[in-house]
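# Commentary on secondary and tertiary structure
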Amino acid sequence: MSDASLEQSLKLLREEAGMVCHSASSHVIIVFGASGDLAKKKIYPTLWWLFRDKLLPSNTHFIGYSRSNLTVDNLRSNAMPYLNAKDSESTQLDEFFKRNSYVQGSYDKPEDFIRLNKFIVDNFSACSNRLFYLATPPSQFISVATNLKAHCTAESDGLWNRLIVEKPFGKDLDSSEVLAKHLSSLFSEDQIYRIDHYLGKEMVQNVVVLRFANRVFSPLWNRDNIANVVVTFKENFGTEGRGGYFDEFGIIRDVMQNHLLQILCLIAMERPISMEANDIRDEKVKVLRCMRPLSLDDVVVGQYVADPENGKPGYLDDPTVPAGSITPTYAVAALYVDNERWQ
Ligand SMILES: NC(=O)c1ccc[n+]([C@@H]2O[C@H](COP(=O)([O-])OP(=O)(O)OC[C@H]3O[C@@H](n4cnc5c(N)ncnc54)[C@H](OP(=O)(O)O)[C@@H]3O)[C@@H](O)[C@H]2O)c1
Ligand SMILES: *[C@@H]1O[C@H](CO)[C@@H](O)[C@H](O)[C@H]1NC(C)=O
Ligand SMILES: *[C@@H]1O[C@H](CO)[C@@H](O)[C@H](O)[C@H]1NC(C)=O
C-alpha cells in the first residue's frame, strides 16, 4: 500500500469511528414531530422546494422523527396536498423522497436518540452537519434538546449542529426564561434559530425594502406626516379543532406578542447599520425600549361567537375548547412609541 493510500484509508477509518472529520461529507436535516401539522404543511413543502430549486448542498438527507408508526410513504401522502408539485416534476419528487427516511422514537428516551445517531452514522456519515428542526409541541423542546446534545450532535471540528425552534418560546416571562436558559446551556446562540413564519411573508419582507430603498419615504416617515399606523391581522376561520393549543395561549400570545410586534418594529425602527440579523435586531430593541408599557385602558379583547347565517360555530362551540373559557380570540391595543420620530 502506498503512503498516500494508507493515509487515505486511515482517514476513512478515523472518520468512520467518528473521531475526526476534515469537512462535512453530508448534511442531515432531522424533523422532530414529523407526523404533525407544521411538518406536513410547512416544513416538508419547504424542504421539497429547496431541493427542487437545487438550493441545498448535493449530499443532503432528510430524516423524519416522531412517536407514530409511519413510513416515508406516509410522510409523502400527508404532505402531498401542500407540496404544489407539478406533474412534470414527478421524477424530481421521487428523487426527493428517496433522500428521506423515517425513524420512530420517543422525545425523552436516551436509547431512542442513540439509535437515531446510529442511523445517521450508519446510513450517511459520522461526518455530517446536522440541522435539528423541533416541530413538536413546546412541552417537548427541553427533553429533545437535552437528548440531542447528549447523543446526536456532530462533535468533530469542522462540522456544525443547528437547532431550529418554532414559537411559542414559552407562554410568559418565566417559562420563556426557563426555555432560553435551558437551550443556551446546551447550544450556543449562533446554533439556535428561532423561526417566525410570519416574517417570511413577502409583504412583510417588502416593508423593509419599501422603507429604506425609497428615499421619498424617509423625510415623510414620522409623526409630522403619519397620525398612526394600524397593523391588522385577520383570520377568516375558527380554531377548528386546535382549541387545545389555542385556549392556553389566546390571541395576544399567539400573534400579537410575536408576529405583530415584530412588524411594528420593522415599521417604526431607524435604518439599521446593515441588513445583518444583529443590526436589525438592535434597531428593533430600541423601538421596544421606547414604547410605553401597555395600559388596560388602551386594550379591548373579545371572543368570536357563532355565525348562524353561514353555519359557522362560535369559539365555545368547538369541542376542543374548555367550557366557559374566557380566552380572547380578538384583541386590539393602542401602543405609543415615545422617541423623536414618533412621539
Ligand atoms: N401548525 C402550524 O401551522 C404552526 C405555526 C407556527 C408554529 N407552530 C409551532 O410548531 C410546533 C409544532 O406544531 P404542530 O402544529 O405541528 O403540532 P402538532 O401537530 O400538535 O404536534 C406535532 C407532533 O408532535 C407530537 N405530539 C403532539 N402532542 C404531543 C404531546 N402532548 N406530547 C408529545 N408529543 C406530542 C405528535 O407526533 P407523535 O405523536 O407522532 O410523536 C405530533 O404529530 C409547535 O411548537 C407549534 O406551536 C405551528
Ligand atoms: C407499524 O405498522 C405496520 C403496518 O403499517 C405494522 O405491520 C407494524 O406491526 C407496526 N409496528 C408497530 C411497532 O406498531
Ligand atoms: C439505516 O441504518 C440502520 C441501522 O442503524 C438500518 O437498520 C436501516 O435499515 C438503515 N436504513 C437505510 C434506509 O439505509
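Calculation notes
Residues numbered from 1 in each chain as written. Chains lettered and ligands numbered in written order. Predicted model: local features only at pLDDT ≥ 70, side-chain atom pairs only at ≥ 80, totals over all residues. Heavy atoms only, no water. Near = heavy atom within 4 Å. Polar contact = N/O pair within 3.5 Å; in protein donor to acceptor, adjacent residues only side chain to side chain. Areas by Shrake-Rupley, 256 points an atom, 1.4 Å probe, with all protein chains shown as cover. Nonpolar A, V, L, I, M, F, W, Y, C, P; charged D, E, K, R; others polar. Pairing = 2+ DSSP bridges. Helix = DSSP H or I, 4+ residues; strand = E, 2+ residues; numbered from the N terminus. Axes fitted to C-alpha atoms, helices over the stretch in contact; angles between N-to-C directions. Phe/Tyr/Trp six-rings, centres within 6.5 Å; stacked < 30°, edge-to-face > 60°. Buried < 20%, exposed > 50% of the residue type's maximum accessible area, 1.4 Å probe, protein only. Lys NZ or Arg CZ within 6 Å of the ring centre and 35° of its normal. UniProt positions renumbered as here; feature names shortened; annotations may be inferred.

Moving on: the site of ligand 1. The environment of ligand 1 is formed by 18 residues, the closest being S35, D37, L38, S68 and Y107. Backbone polar atom of T136 to an oxygen atom of ligand 1: 3.1 Å apart, as the coordinates give it. One of the side-chain N or O atoms of Q140 is found 3.2 Å from a nitrogen atom in ligand 1. Starting from 870 Å² of accessible surface for ligand 1 in isolation, the protein chains cover 70%. Among the residues making up the shell around ligand 1, the classes are represented as 7 nonpolar, 7 polar and 4 charged.

In this section: the sheet that holds strand β4 (residues 128–134). Here we have 6 strands laid out as an open sheet, ordered β3-β2-β1-β4-β5-β6, and parallel in their pairing. Both outer strands of the open sheet, β3 (100–104) and β6 (192–195), are each paired with one neighbouring strand and no more. In this sheet, neighbouring strand axes are inclined to one another by 20° on average, regardless of whether the strands run parallel or antiparallel. As paired elements, strand β5 (residues 161–166) and β6 share 4 bridges and run parallel to each other. Across the sheet, I164 pairs through a bridge with Y193, a residue of β6.

All right, on to the packing of aromatic side chains then. In this structure the tally under the stated criterion is 15 aromatic pairs. With 5.6 Å between their ring centres and 55° between their planes, Y198 and F233 make a pair best called tilted. Taken together, the residues span a long stretch of sequence, with Y198 in the loop between β6 and α8 (202–213) and F233 in the loop between α8 and α9 (243–268) at a distance of 35 residues. Note on Y198: relative accessible area 16%, which makes it buried. Of the residues examined, F233 reaches a relative accessible area of 24% and is grouped as partly exposed. Between R162 and the ring centre of W160, over which it is positioned, the NZ or CZ distance is 3.8 Å.

Okay, the UniProt feature "domain: Glucose-6-phosphate dehydrogenase NAD-binding" (unreviewed entry) in the protein chain next. Within the UniProt annotation, "domain: Glucose-6-phosphate dehydrogenase NAD-binding" (unreviewed entry) is assigned to residues 30–206. Annotation note: span residues 30–206, helix share 46%, strand share 18%, distance between end C-alpha atoms 31 Å.

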